[in-house]
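# Observations on chain architecture
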Amino acid sequence: MDITNKKHFLQLKDYSVSQETFDLYYDELLDMLITHPQPSLDVLGKYYESADYISHTDSKRSIFEKAYHFVKNIALKNKLNLINSYQPSKGMILDIGAGTGDFLSVAQNNGWKTIGVEPSDKAKGIAKAKGVLFVENTSELESHSCDVISMWHVLEHVPDLDQQIKELKRLLKPNGTLIVAVPNFKSFDAKHYGKFWAAYDVPIHFWHFSKKAIELLFQKENISLIKVLPMKFDSFYVSLLSEKYRTGKMNYLKAFFIGLQSNFKAKQKMEYSSHIYVLKNN
């Protein structure tokens, strides 16, 4: 996405890997932020080589990782209940960015047909051991073959945003359900931590969405936003990492307080640290 005529919003660092500096530009029309420069695909992988990036491992080495996986198990049940509420007859679910496969494993055990896409060989290997099936690329799948497509904190990582949304449109059945979870740069914790906000996660987060941005981007492909839901645990996780980036250490009490404050302030305008967007194919 071109940054010409976009307003400079913030300069910040990749605190978790390279320590390189990146800029965020504001797209007023879409109400979203764009990371600049965006790494080319041939070097992008090195920016994921961080111990903080725990969605690609089942490791439980520290209190932080143990807490992450405890919360993840609660979230998995909530995710399953969510897709079942919008697609009670079940069918085929595609999870793009399936990580270590826990969500698809839970869905499969609940009677769903499942398929995943995951670029990390390490994460994919862990998922395959759980019986999760993968394709290398969504282009291998037939058009209108998916009842549900989920992208849990994945859309912000996609290099070609417009092409990805077109591909989602191709894959979804008529009246199919799309679940997209992304961070929200308009949350209290984002404003509180500023350049240290961990969910900016440059440069592997190319895009930073608002509710308006999600609605407008998918509207172009005749996919309608029907519900926005909070991800209340994210404010605590993100605040903890943000404290580490800002002070060099995990300040659990401060992070908990900021996470709590963020969720409290979010109630009025529905601006949580992260949102789940439920969309329907028309």
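As shown above, the structure is provided for reference.
Our subject in this report is the structure included herewith.

Definitions and limits used
- Residues numbered from 1 in each chain as written.
- Predicted model: local features only at pLDDT ≥ 70, side-chain atom pairs only at ≥ 80, totals over all residues.
- Heavy atoms only, no water.
- Patch = residues over 30% accessible without salt bridge, like charges linked within 9 Å, V, L, I, M, F, W, Y side chains within 5 Å.
- Areas by Shrake-Rupley, 256 points an atom, 1.4 Å probe, with all protein chains shown as cover.
- Salt bridge = Lys/Arg side-chain N within 4 Å of Asp/Glu carboxyl O.
- Helix = DSSP H or I, 4+ residues; strand = E, 2+ residues; numbered from the N terminus.
- Expected span 1.5 Å × (residues − 1).
- Buried < 20%, exposed > 50% of the residue type's maximum accessible area, 1.4 Å probe, protein only.
- Arc of directions from axis to C-beta.
- Contact = heavy atoms within 4.5 Å.
- Axes fitted to C-alpha atoms, helices over the stretch in contact; angles between N-to-C directions.
- Parallel < 35°, antiparallel > 145°, perpendicular 65-115°, else oblique.
- Left-handed = near helix turned anticlockwise from the far one by under 90°.
- Nonpolar A, V, L, I, M, F, W, Y, C, P; charged D, E, K, R; others polar.
- Pairing = 2+ DSSP bridges.
- Polar contact = N/O pair within 3.5 Å; in protein donor to acceptor, adjacent residues only side chain to side chain.

### Thoughts on a nonpolar patch on the surface
- Taken together, the side chains of Phe70, Ile74 and Phe233 present a nonpolar region at the surface, about 290 Å² in accessible area.
- Its place among the elements puts Phe233 in the loop between strand S9 (223-230) and helix H8 (234-247).

### Brief notes about helix H9 (residues 252-269)
- The end-to-end C-alpha distance of H9 is 27 Å, a good match for the 26 Å that 18 residues give at a rise of 1.5 Å each.
- Residues of H9 that are buried: Ala255, Ile258, Gly259, Ser262, Asn263 and Ala266. Burial along H9 is one-sided: seen end-on, the buried residues are contained in an arc of 140°. Along H9, the residues that are exposed and aim more than 90 degrees away from the buried face are Leu253, Phe264, Lys267 and Gln268.
- Buried-residue contacts for H9 involve helix H6 (188-193) and H8.

### Considering the packing of H8 against H9
- One can describe the packing of H8 onto H9 by two numbers: an axis separation of 8 Å at closest approach and a directional angle of 135°. Judged on the interaxial angle alone, H9 and H8 are oblique. Viewed along their axes, H8 and H9 form a crossing whose handedness is right-handed. Residue-level contacts link Ser235, Phe236, Ser239, Leu240, Glu243 and Arg246 of H8 to Tyr252, Lys254, Ala255, Phe256, Ile258, Gly259, Leu260, Ser262 and Asn263 of H9.
- Of the residues that constitute the contact of H8 with H9, the class distribution is seven nonpolar, five polar and three charged.

### Some remarks on the sheet that holds strand S1 (residues 7-13)
- Read across the open sheet, the four strands follow the order S1-S2-S3-S8; overall the sheet is antiparallel. What marks the edges here is a single partner per strand, and that holds for S1 and strand S8 (207-208).
- Where strand S2 (residues 21-27) lies against strand S3 (residues 32-36), five bridges are found, and the strand directions are antiparallel. Across the sheet, Asp27 pairs through a bridge with Met32, a residue of S3.

### Quick look at the sheet that holds S9
- Sheet architecture is open: six strands sit in the order S5-S4-S6-S7-S10-S9, paired in mixed fashion. Both outer strands of the open sheet, strand S5 (113-117) and S9, are each paired with one neighbouring strand and no more. Taken pair by pair, the neighbouring strands of this sheet meet at an average axis angle of 20°, ignoring direction.
- Sheet analysis places strand S6 (residues 146-152) next to strand S7 (residues 172-183), joined by six bridges and oriented parallel. Across the sheet, Val148 pairs through a bridge with Thr177, a residue of S7.
- Packed onto the sheet, helix H5 (residues 161-171) meets strand S4 (92-96), S6, S7, S9 and strand S10 (274-281) and runs at close to 145° relative to S7.

### With respect to the pairing of S6
- Extensive coverage of S6 is indicated by the burial of seven of its seven residues.
- Relative to S6, S4 runs parallel, the two sharing three bridges. Among the inter-strand pairings, Ile93 is bridged to a residue of S6, identified as Val148.

### Here's the deal with the environment of Ser235
- As for its placement among the helices and strands, Ser235 is situated in helix H8.
- Sequence-distant contacts of Ser235, defined by excluding residues within four places in its chain, comprise Asp189, Gly259, Ser262, Asn263 and Ser273.
- At a separation of 3.1 Å, a polar atom in the side chain of Ser235 contacts the main-chain carbonyl oxygen of Lys232.
- Within the structure, the side chain of Ser235 is placed 3.2 Å from the side chain of Asn263, a separation counted as a polar contact.

Any functional reading would require information that these geometric values do not contain.
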